Amino acid sequence: MSNASTRVTDEHFAYIAARTTREDDFSAALKSAARKAGIPEIWIAPEQASFMQILLRAARAERVLEVGTLAGYSAIMMARALPEGGRVTTLEFERKHAEFARAWIARSDVAAKIEVVEGDARTTLPKLPAGTFDAAFLDADKSSYPIYLRESLRLVKRGGLILVDNAFAFGQLLDEAPTDPEVEAVRAFNDLVAKTSELQAVIVPMGDGLWVGVRR
Ligand code: SAH
Ligand code: MG
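These numbers come from a predicted model, not from an experiment.

### Examining the site of ligand 1
1) Next: Taken together, 22 residues surround ligand 1, and among them Gly68, Ser74, Glu92, His97 and Asp139 come closest.
2) Next: Ser74 has a polar side-chain atom sitting 2.8 Å from a nitrogen atom of ligand 1.
3) Next: In the model, a nitrogen atom of ligand 1 is placed 3.0 Å from a nitrogen or oxygen of the Asp120 side chain.
4) Next: Its free accessible area being 590 Å², ligand 1 has 94% of it covered by the protein chains.
5) Next: Looking at the shell around ligand 1, the elements with two or more residues in it are helix H4 (73-79) and helix H6 (121-124).
6) Next: Its residues placed into classes, the shell around ligand 1 shows ten nonpolar, five polar and seven charged.

### A few points about the coordination of the magnesium ion (ligand 2)
1) Next: Listed as protein donors to the magnesium ion (ligand 2) are Asp139 (OD), Asp165 (OD) and Asn166 (OD1); their distances from the metal cover 2.1 to 2.2 Å.
2) Next: Between consecutive donor residues of the magnesium ion (ligand 2), the sequence gaps follow D-x25-D-N. Separated by 27 residues along the polypeptide, Asp139 in the loop between strand E4 (133-138) and helix H7 (145-155) and Asn166 in the loop between strand E5 (156-165) and helix H8 (183-195) bring together distant segments of the chain. Accessibility assignment for this pair places Asp139 and Asn166 in one class, buried.

### Description of the pattern of salt bridges
1) Next: Following the criterion strictly, the structure yields twelve salt bridges and no others.
2) Next: Across the pair Glu118 and Arg95 runs a salt bridge, and its minimum N-O distance is 2.9 Å. With Glu118 in strand E3 (residues 114-118) and Arg95 in helix H5 (residues 95-106), the pair connects residues that are 23 residues apart, well separated along the chain.
3) Next: Classification of Arg95 as exposed rests on a relative accessible area of 54%.
4) Next: Arg102 serves as the salt-bridge partner of Glu118, at 3.4 Å between the closest nitrogen and oxygen. Residue Glu118 is found in strand E3, and its partner Arg102 is found in helix H5; the two are separated by 16 residues along the sequence.
5) Next: What makes Arg102 partly exposed here is its relative accessible area of 36%.
6) Next: When salt bridges with common partners are traced through the structure, they connect Arg95, Glu99, Arg102 and Glu118 into a single cluster.

### Considering the pairing of E4
1) Next: Taken across its six residues, E4 has six buried, putting it largely inside the fold.
2) Next: Here strand E1 (residues 63-67) pairs with E4 via four bridges, running parallel. The partner of Glu66 across the bridge, within E4, is Phe137.
3) Next: Viewed along the sheet, the connection from E4 through H7 into E5 turns out right-handed.

### Comments concerning the sheet that holds E3
1) Next: The strand order E3-E2-E1-E4-E5-E7-E6 describes an open sheet built from seven strands, whose pairing is mixed. The two strands at the open ends of the sheet, each matched to only one other strand, are E3 and strand E6 (199-204). Ignoring which end each strand starts from, the neighbouring axes of this sheet average 15 degrees apart.
2) Next: Pairing of strand E2 (residues 87-92) with E3 involves five bridges; the strand directions are parallel.

Calculation criteria
- Residues numbered from 1 in each chain as written.
- Chains lettered and ligands numbered in written order.
- Predicted model: local features only at pLDDT ≥ 70, side-chain atom pairs only at ≥ 80, totals over all residues.
- Heavy atoms only, no water.
- Near = heavy atom within 4 Å.
- Polar contact = N/O pair within 3.5 Å; in protein donor to acceptor, adjacent residues only side chain to side chain.
- Areas by Shrake-Rupley, 256 points an atom, 1.4 Å probe, with all protein chains shown as cover.
- Helix = DSSP H or I, 4+ residues; strand = E, 2+ residues; numbered from the N terminus.
- Nonpolar A, V, L, I, M, F, W, Y, C, P; charged D, E, K, R; others polar.
- Donors = N, O, S within 2.8 Å, 3.2 Å for Na, K, Ca; no water.
- Buried < 20%, exposed > 50% of the residue type's maximum accessible area, 1.4 Å probe, protein only.
- Salt bridge = Lys/Arg side-chain N within 4 Å of Asp/Glu carboxyl O.
- Pairing = 2+ DSSP bridges.
- Right-handed = clockwise from strand over helix to strand, strands pointing away.
- Axes fitted to C-alpha atoms, helices over the stretch in contact; angles between N-to-C directions.

Shown next as structure tokens:
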């Protein structure tokens, strides 16, 4: 058993969350307003946000790309980990989400550090210049993940971070009869990442499973 991993249970996850910095008032207010606006509650977990901030700080990231803004929560959390002059470019194609995010970003402590680019990421990503990002966080439609990965490998500098959310497919990754239509796409993507030699990556069991990779 010496090489075996500890079996992580719900109790361990609760233990981890209880020892992670508490949600700040601004984030709580943003989430409550998003719920009222009918925006789906699919933002990253607070302990995952903290973990991503640690990764960005350790990587000394300044320019970050995000695919999938939703209400702006993850963009704001990532922007807080960047030095002065740092920037998050976040892509979103739902007008309602982009407008909500812009309004809340404007009221946040990192308003100057975030740009929301409205449009389908499959068309906005190819317009961005190669090698200009220190990190990318992919969190939009799962069937387009292979496109987003290919674009990220072009856009992120060598040695930069590529993070991808929902590797556990909304908890249904290992289900025999998954109900969510995106589960197959997540499974295929996970297999693709494992075969992508330009990326060294591992799934970290935080939130709904987070791919943490470095572009070789
Ligand atoms: N990163 C956010 C959650 C993103 S949810 C957070 O953790 O706070 C996924 C978002 O991706 C949704 O807002 C959805 O509208 C957006 N999206 C889905 N397909 C997209 C596409 N092709 N281009 C851009 N955005 C897309
Ligand atoms: Mg997600």
